[in-house]
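Here is how the chains run, residue by residue.
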Amino acid sequence: MYGITSIRKVIEMSPTQLHQHRIVDLLRLNEECSGLSDQELKTFSKIATFSAFQPGQVIFSESQPAQSFFILEKGIVRLNFSRRDPVELHPGQLFGDWAVINNTVRLATAVSKNHSSVLEINATGFFDTTLIAPAISLQVVKCIARKLIQRVQSRSQVSTKILIEQGENEHVEFKSTLRKNLKTNARDPKIEVAVLKTIAAFLNGRGGTLLVGVEDSGQIIGIEPDEFPNADKYLLHFSNLLESRLGSNVNQYIHYDLVKIHEKMVLRVDCDPSSRPFFVVDPGTAVEYFFVRNGPSSVNYSFSQAITYIQERF
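Presented here is a report on the structure given in the accompanying data block. (Residues numbered from 1 in each chain as written. Predicted model: local features only at pLDDT ≥ 70, side-chain atom pairs only at ≥ 80, totals over all residues. Heavy atoms only, no water.)

1. Examining helix α9 (residues 231–245)
To keep it simple, the criterion reads: We count a stretch as a helix when DSSP gives it H or I for four or more residues in a row; a strand needs E for two or more, and each element gets its number in order from the N terminus. By this rule the span expected of a helix is its residue count minus one, scaled by 1.5 Å. With a 1.4 Å probe rolled over the protein chains alone, any residue whose accessible area is under 20% of its type maximum counts as buried; one over 50% counts as exposed, and the rest are partly exposed. The arc in question is formed by the directions pointing from the helix axis toward the C-beta atoms. Note on definitions: a residue-residue contact is assigned when non-hydrogen atoms from the two residues lie within 4.5 Å.
Counted at 1.5 Å a residue, the expected span for α9 with its 15 residues is 21 Å, and the 21 Å between its end C-alpha atoms agrees. For α9, the full list of buried residues reads Tyr 234, Phe 238, Ser 239, Leu 241, Leu 242 and Arg 245. Looking down the long axis of α9, one finds its buried residues gathered within 160° of arc, a one-sided arrangement. With respect to the buried face of α9, the exposed residues turned more than 90 degrees away are Asp 232 and Ser 244. On its buried face, α9 is in contact with α8 (189–204), β12 (208–212), β13 (254–261), β14 (264–271) and β15 (280–281).

Structure (structure tokens):
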């Protein structure tokens, strides 16, 4: 909310200043631009323009050359892929950037789901050092690249091995089992909650990877202790667990599969940062819990903390 003084300042701004102010406010919502000063963010006004789109209008199409990337200001945009489920974007999210950074064609078709406003950033201007300082473009590109690496990391044995060798951190967590308490040697609903809260925390934060069948020490024990008849039954149980406790739309933000490491199968769950908040439902009480990643831990936020975080994050 703007105070009276802030509103007066906005009214007194010139059209150019209003344009810059609008850009700065939007870029502030984006992780890629964190750490940049207002003055640095204002330089984007040289290469960025706002555009309005009607419901159903195409912003860009799959296989088109990528000449710009975008940040959603208002409304909802859907990315339609030919080989995967669509993804819905919400205000503050950057999109169309991967094709620019990788110098390739569009991998999806972006469609405005309702009346939307989008900031379009010219890619040529973004890399023009006479318009944008190299330090600014470098920071943005490094953040995009980091997200790209997290997203497209192969589900292969090699990449999973590397994650295990590096150990747990803000973006990686290990769980020994999916449902069995190894201390009591019995199935335990609390174990399932522990798995779900990590997934929710990754979704509500910056994303991450959960590996089930790996102890905190990095020792690989596989999925056998959970005692499922076969791998298909294991994955079906996990899928049902996700839908019943996190909701069916969680599938557009996660990618999971069983990978073989040292002759043992491990469940790998890659979580993207979500565009909406996710809560973990306690089946016994129907109470919803909101988790956020804090370093190598998943923290349960209080009601007031959750409201503040959701307002700022989503």
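2. A closer look at the sheet that holds strand β4 (residues 77–80)
We count it as follows: At least two bridges found by DSSP between two strands are what make those strands a pair. Each axis is a line fitted through C-alpha atoms, taken for helices only over the stretch in contact, and angles between the N-to-C directions span 0 to 180 degrees.
As summarised here, the arrangement of the four strands in space is β2-β7-β4-β5, forming an open sheet in which the pairing is antiparallel. Unpaired on one side and paired on the other, β2 (58–60) and β5 (87–89) mark the two borders of the sheet. Neighbour-to-neighbour, the strand axes of the sheet open up by a mean angle of 30°, direction not taken into account. With two bridges joining them, β2 and strand β7 (residues 109–112) adopt antiparallel strand pairing. Pairing of Val 58 across the sheet is with Val 111, part of β7.

3. Quick notes on the environment of Glu 73
We count it as follows: Any pair of N or O atoms that falls within 3.5 Å is considered a polar contact. Within protein, one atom must be able to donate a hydrogen and the other to accept it, and sequence-neighbouring residues count only if both atoms are side-chain atoms.
Its place among the elements puts Glu 73 in strand β3 (residues 68–74). The class of Glu 73 is buried, set by a relative accessible area of 16%. Separated by 143 residues in sequence, Glu 73 and Asp 216 place their C-alpha atoms 41 Å apart. What Glu 73 contacts, discounting residues up to four positions off in sequence, is Arg 22, Leu 26, Phe 50, Pro 91, Ser 117 and Val 118. A polar side-chain atom of Glu 73 sits 2.8 Å from a polar atom in the side chain of Arg 22. For Glu 73, the side chain forms a polar contact with the side chain of Ser 117, separated by 2.6 Å.

4. Section: the pattern of salt bridges
Test applied: Note on definitions: salt bridges are taken to be side-chain nitrogens of Lys or Arg within 4 Å of carboxyl oxygens of Asp or Glu.
By the definition in use, this model includes nine salt bridges. A salt bridge links Asp 270 to Arg 268; the nearest nitrogen and oxygen atoms lie 3.0 Å apart. A single burial state applies to Asp 270 and to Arg 268, both of which are buried. Connected via shared salt-bridge partners are Arg 78, Glu 88 and Lys 113.

5. Focus: unusual backbone geometry
Phi angles above zero are rare outside glycine, and Ser 63 is one such case at about 80°. The phi angle at Glu 263 is positive, at roughly 70°, despite the residue not being glycine. Its location among the elements puts Glu 263 in the loop between β13 and β14.

6. As for the packing of α8 against α9
What describes two packed helices is the angle between their axes and the distance between those same axes. This is how the line gets drawn: Oblique is the label for any angle not under 35 degrees, not over 145, and not in the 65 to 115 range, which are roughly parallel, roughly antiparallel and roughly perpendicular in turn. Crossing handedness follows the turn of the near helix against the far one: under a right angle anticlockwise gives a left-handed crossing, and clockwise gives a right-handed one. Lys, Arg, Asp and Glu make up the charged group, whereas Ala, Val, Leu, Ile, Met, Phe, Trp, Tyr, Cys and Pro make up the nonpolar group; the residues left over, Gly among them, are polar.
Where α8 meets α9, the axes come as close as 11 Å, and the angle between the chain directions of the two elements is 65°. Between α8 and α9, the angle is such that the two are roughly perpendicular. Crossing geometry of α8 relative to α9 is assigned as right-handed. From α8, Glu 192, Val 193, Val 195, Leu 196 and Ile 199 reach across to α9, where they touch His 237, Phe 238, Leu 241, Leu 242 and Arg 245. A class-by-class count of the residues in the contact of α8 with α9 yields seven nonpolar, one polar and two charged.

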